[in-house]
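# A look at the structure
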Amino acid sequence: MAEKPQSGTLFGVPYNFERPSLKRLVSAYWKPGDDMLVEKPFGIGYTLNLANWRSWVVLAVAGVMLYLERGGSEAEFESESEDEPVEVVVD
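Residues numbered from 1 in each chain as written. Predicted model: local features only at pLDDT ≥ 70, side-chain atom pairs only at ≥ 80, totals over all residues. Heavy atoms only, no water.

You can see N49 is positioned in the loop between β5 (46–48) and α2 (53–80). If we ignore the near neighbours within four places in the chain, the residues touching N49 are Y29, W30, K31, D34, D35, M36, V38 and S55. (Helix = DSSP H or I, 4+ residues; strand = E, 2+ residues; numbered from the N terminus. Contact = heavy atoms within 4.5 Å.)

Both trends apply: most residues other than glycine have a negative phi, and most peptide bonds are in trans. The backbone phi angle of F11 is positive, close to 55°, even though this residue is not glycine. Among the secondary structure elements, F11 is positioned in the loop between β1 (7–10) and β2 (13–16). Overall, the relative accessible area of 82% leaves F11 in the exposed class. (Buried < 20%, exposed > 50% of the residue type's maximum accessible area, 1.4 Å probe, protein only.)

What follows is about the confidence of the model for the protein. Looking at the protein as a whole, its pLDDT mean stands at 85, while 86% of the residues score no less than 70. The lowest-confidence element of the protein is α2, averaging 81 in pLDDT; the highest-confidence one is β5, averaging 92. (pLDDT = per-residue confidence, 0-100.)

Below, the structure is given as structure tokens:
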């Protein structure tokens with residue numbers, strides 16, 4: 001029986017299921033001169049190239065959004081904790 005390929009592309013999406021090594025992980029996430037997205041060192045799809053400044057902008061925006069989401073959720077539940085009667089209208 002023929003052995004299945006460990007890496008390649010499927011419908012234009014790259015995949016790689018070879019055993020990852022530290023050297024391959026570092027070289028995959030740090031590629032100066034390449035685009036913002038690079039092929040994943042293990043798995044399916046693409047990942048961020050940390051040598052590109054645009055990747056750091058994406059990470060900063062995601063961090064700010066996560067911070068605001070977690071900070072905003074506490075204030076939302078504090079206003080709902082008051083025990084006030086609720087009027088329900090049924091037709």
